[in-house]
Amino acid sequence: MKVLVIGSGGREHAIAWKLSRSKQITKLYIAPGNPGTGQHGENVAIAAEDVEGLKEFAKKERIDLTVVGPELPLTLGVTDAFEKEGLKIFGPTKAASILEASKVFSKELMVKYGIPTAFYKKFDDPKLAKAYVESHKPPFVVKADGLAAGKGVIICGSMEETFRAIDSIMVESAFGAAGKRIVVEEFLRGEEASFLAITDGNTVLPLAPAQDHKAIYDNDKGPNTGGMGAYSPAPLVTPEMEKELISTVMVPAVKAMEAEGRPYKGVLYAGLMISEGQAKVLEFNCRFGDPETQPIMMRLEDDLFDVLMATVEGRLDGIRLKWSDRWSVCVVMASKGYPESYEKGKAIEGLGEAAKLRDVMVFHAGTALKDGHVVTSGGRVLGVTALGEDIKGAIERAYEAVGKISWDGAYFRRDIGRRAIPGTV
Ligand code: AMP
Ligand code: GLY
């Protein structure tokens, strides 16, 4: 079987690595990939957003299955374009990926179908948004409706901050057309977790729960990033809560999409806020999480190709996933300055040493090759991921590997996974 993975981040490296272990795959391509994915397959210089180019490549190479990593190609209709040609592809259609692409759509869907979420109001006029805010009490969360690379959400502690957020998104167009409409939402307290499932539109198959660390600094301080690390399992999501989430969030969402004429196939990712055992949905994503996928793939014992093909072919009802009992921790190493501006092109040392450690995978994200040497080329550079018998063991092994890797300006959090250690608050 010939498989194409679309994307170039740490998530795609983890997916490509896992797929490369499948005995059924004879050829693996990654478009555009990175130096890490190049270790497991052939990188092809086609951008993840180049839907036409990807489709032509898949046709020419007779690709049996394409797996989409990031949201952008999904929202551009890559699945629709492939399916029109009879090509098999894992990921929701354009009509279904609106669940991530529009916060207004997903909030309205949740309210209509009784899926627990924060109270909200939508606005397309900044004056009306401000009038609403003035008659209520902060804190608020202001969200641009459209895709904003994870930056379109502003938490506002005061009235002034809320006004500024509304102006920045709606008047100054900080996120372009994505901010034409906004959602003003009730601020929820609690702890966050990511719950991901794979669905063929009928069966909903949960993945192992994971938790990421969004803030840039230790103890969840500083601005949000794409994710500075993750671990799995996530003790916050107990087996009872998992059952409840399937029946109150995941299955209703899939049924709701069907009822709305937007049948959903692929990964359904619910970002949750959990407080006193109760979960509310902060957002839905239409793809695997990054960096949650890195520890999740390390723990998956099944052949990923089988699972993804069964999803595309609507055969998930016969499948149950097997997970390693071990824990997995992923520490993201980033460029100094991220999530703001940062320098690129720094030579990375120690990758070989780190890779020699048992139960460690160094997943590449923002890396490039320069004169045969791996250099930094993005904000999140590496996802150093390890397995351990318990959370402590996994943390120790991941940081042991991190300690072997260096470049000028490497930054990483030192507390990834710590809150999962029993007795830690
Ligand atoms: P979203 O893209 O909607 O998941 O928001 C990004 C991040 O903003 C989340 O991961 C949370 O950390 C935070 N956030 C979003 N909505 C809320 C909310 N209603 N209350 C508190 N924090 C929130
Ligand atoms: N880790 C957050 C995300 O993938 O959206």
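Keep in mind the model is a prediction, meaning the values are calculated, not measured. (Residues numbered from 1 in each chain as written. Chains lettered and ligands numbered in written order. Predicted model: local features only at pLDDT ≥ 70, side-chain atom pairs only at ≥ 80, totals over all residues. Heavy atoms only, no water.)

This part takes up the overall build of the chain. Along its length, the chain carries 13 helices and 23 strands. For a compact globule of 425 residues, the expected C-alpha radius of gyration is about 22 Å, and the chain comes in at 21 Å, within 12% of that figure. Its C-alpha atoms give the chain principal-axis dimensions of roughly 60 × 45 × 45 Å. Here the chain holds 425 residues, and the buried ones make up 57% of them. By sequence separation, contacts in the chain at least 24 residues apart represent 68% of the contacts at least 6 residues apart. The chain carries 54 positive and 58 negative side-chain charges, and their two centres are separated by 1 Å. (Helix = DSSP H or I, 4+ residues; strand = E, 2+ residues; numbered from the N terminus. Rg over C-alpha atoms; globule rule 2.2 N^0.38 Å. Buried < 20%, exposed > 50% of the residue type's maximum accessible area, 1.4 Å probe, protein only. Contact = heavy atoms within 4.5 Å. Lys, Arg positive; Asp, Glu negative; His and termini not counted. Charge placed at Lys NZ, Arg CZ, Asp CG, Glu CD.)

This brings us to the pairing of strand β14 (residues 221–224). Looking at chain direction, strand β13 (residues 215–217) and β14 are connected through two bridges and run antiparallel. Residue pairing in the sheet places Y217 in a bridge with K221 of β14. The hairpin turn running from β13 into β14, its antiparallel successor, is three residues long, and N219 in that turn takes a positive phi close to 60 degrees. (Pairing = 2+ DSSP bridges.)

The geometry of helix α5 (residues 94–101) relative to helix α6 (residues 103–112) is characterised by a closest axis approach of 6 Å and an angle of 90 degrees between their N-to-C directions. In terms of axis orientation, α5 runs roughly perpendicular to α6. The residues of α6 that touch α5, namely those facing I98, L99 and A101, are K103, F105, S106 and L109. Residue composition of the contact of α5 with α6, by class: five nonpolar, one polar and one charged. (Axes fitted to C-alpha atoms, helices over the stretch in contact; angles between N-to-C directions. Parallel < 35°, antiparallel > 145°, perpendicular 65-115°, else oblique. Nonpolar A, V, L, I, M, F, W, Y, C, P; charged D, E, K, R; others polar.)

The next subject is the nonpolar core. V78 and F284 are the most contacted members of the largest nonpolar core, which totals 47 residues. Aside from chain neighbours lying at most four places away, what touches V78 is I6, V51, L54, V68, P73 and I89. Counting residues in hydrophobic clusters, the runner-up holds 35 residues, among them V3, L28, L308 and L316. (Core = buried A, V, L, I, M, F, W, Y, C linked by side-chain atoms within 4.5 Å.)

Hydrogen bonding along the main chain pairs the strands of a sheet, whether they run parallel or antiparallel. Read from one edge of the open sheet, five strands run β3-β2-β1-β4-β5, paired in parallel fashion. Pairing within the sheet leaves two strands with one partner each, and these edge strands are β3 (42–43) and β5 (89–90). As judged from the two bridges shared by strand β2 (residues 27–32) and β3, these two strands associate in the parallel manner. Each residue of the ladder has a partner; that of I30, found in β3, is N43. Along the sheet face, helix α1 (residues 10–20) touches β1 (2–7), β2 and β4 (65–68) and points at about 170 degrees away from the line of β1.

Close to ligand 1 lie 15 residues; E185, E186, L188, E192 and E283 are nearest. K103 has a polar side-chain atom sitting 3.0 Å from an oxygen atom of ligand 1. Between ligand 1 and E186, the relevant distance is 2.9 Å, taken from a nitrogen atom to a main-chain nitrogen or oxygen of the residue. Broken down by secondary-structure element, the contributors of at least two residues to the shell around ligand 1 are β7 (140–144), β8 (153–156), β9 (182–186) and β17 (278–285). Taken together, the residues of the shell around ligand 1 sort by class into seven nonpolar, one polar and seven charged. (Near = heavy atom within 4 Å. Polar contact = N/O pair within 3.5 Å; in protein donor to acceptor, adjacent residues only side chain to side chain.)

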